[in-house]
Every structure is written in structure tokens, then in C-alpha cells.
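The lines below spell out each chain.
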Amino acid sequence: MTVDGLLWESRKRVLAVESDIDTLLDMLDPSGQERYEDSDEFRMLDFLTLWKGRLHAANVMLRDVSTATGGGDASVS
């Protein structure tokens with residue numbers, strides 16, 4: 001597999017996990033209101049939101065590397 005192929009496979013896996021987290025967030029908070037409420041206690045929604053942000057950042061970095069090497073699909077974000 002080429003470097004571009006490995007980058008794309010890595011991005012697909014990151015995007016798949018990010019999508020799974022979106023599904024969990026929708027199951028735990030169907031209305032979408034709780035995940036944006038201020039709370040003194042750390043909740044599962046906070047944990048999932050944190051990891052979703054980290055995965056999104058990883059996808060952006062992989063996309064930037066892929067674009068810099070001249071390959072990959074830069075249109076997927």
C-alpha cells in the first residue's frame with residue numbers, strides 16, 4: 001500500500017470512530033441540549049465530546065499531510 005493509501009485508510013478509520021461517537025451522543029442526548037449545558041460534574045457526554053474533538057483534529061492533520069504529499073481526498077472533512 002502506498003503512503004497516500006495508508007493516509008486515506010487512517011482517515012477513514014478516524015472518520016468511522018467520529019461517526020460512532022456522534023451516534024452515541026445522539027443516543028445519550030437525543031435533543032442535543034444536555035451536551036452544551038454547563039455542569040460541575042464530568043459526564044459521559046463531556047467525555048464523548050472531548051474525544052470527538054480530538055478525532056476531528058486528527059482527521060484534519062491527516063488530511064493536511066495527505067494534501068501536502070499530493071494525494072488523498074482533501075474534500076472529506
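Calculation notes
- Residues numbered from 1 in each chain as written.
- Predicted model: local features only at pLDDT ≥ 70, side-chain atom pairs only at ≥ 80, totals over all residues.
- Heavy atoms only, no water.
- Axes fitted to C-alpha atoms, helices over the stretch in contact; angles between N-to-C directions.
- Helix = DSSP H or I, 4+ residues; strand = E, 2+ residues; numbered from the N terminus.
- Parallel < 35°, antiparallel > 145°, perpendicular 65-115°, else oblique.
- Left-handed = near helix turned anticlockwise from the far one by under 90°.
- Nonpolar A, V, L, I, M, F, W, Y, C, P; charged D, E, K, R; others polar.
- Core = buried A, V, L, I, M, F, W, Y, C linked by side-chain atoms within 4.5 Å.
- Buried < 20%, exposed > 50% of the residue type's maximum accessible area, 1.4 Å probe, protein only.
- Contact = heavy atoms within 4.5 Å.
- Salt bridge = Lys/Arg side-chain N within 4 Å of Asp/Glu carboxyl O.

Where helix α1 (residues 3-28) meets helix α2 (residues 44-68), the axes come as close as 9 Å, and the angle between the chain directions of the two elements is 160 degrees. On the basis of their axis angle, the class for α1 and α2 is roughly antiparallel. Here α1 runs over α2; the crossing is left-handed. Within the contact of α1 with α2, the residues separate by chemical class into 15 nonpolar, 5 polar and 5 charged.

So, on to the nonpolar core. In terms of nonpolar packing, the biggest core is built from 8 residues, these being L7, V14, I21, L25, L45, L48, L55 and L62. Taken together, the elements giving at least two residues each to this core come down to α1 and α2. Those residues in contact with I21, other than ones at most four positions away along the chain, are L48, W51, K52 and L55.

One side chain can pair with another of opposite charge once the charged atoms of both are near each other. Inspection of the entire model under this criterion finds 5 salt bridges. The salt bridge partner of E18 is K52, with a shortest N-O separation of 3.9 Å. With a gap of 34 residues between them, E18 in helix α1 and K52 in helix α2 connect regions that are remote in the sequence. A relative accessible area of 10% places E18 in the buried class. For K52, a relative accessible area of 24% gives the class partly exposed. If you follow the salt bridges from partner to partner, you end up with E18, D22 and K52 in one network.

Relative to the helices and strands, V3 resides in helix α1. In sequence terms V3 and S31 are 28 residues apart; their C-alpha atoms lie 41 Å from each other.

The quantities given are spatial measurements derived from coordinates; they are silent on function.
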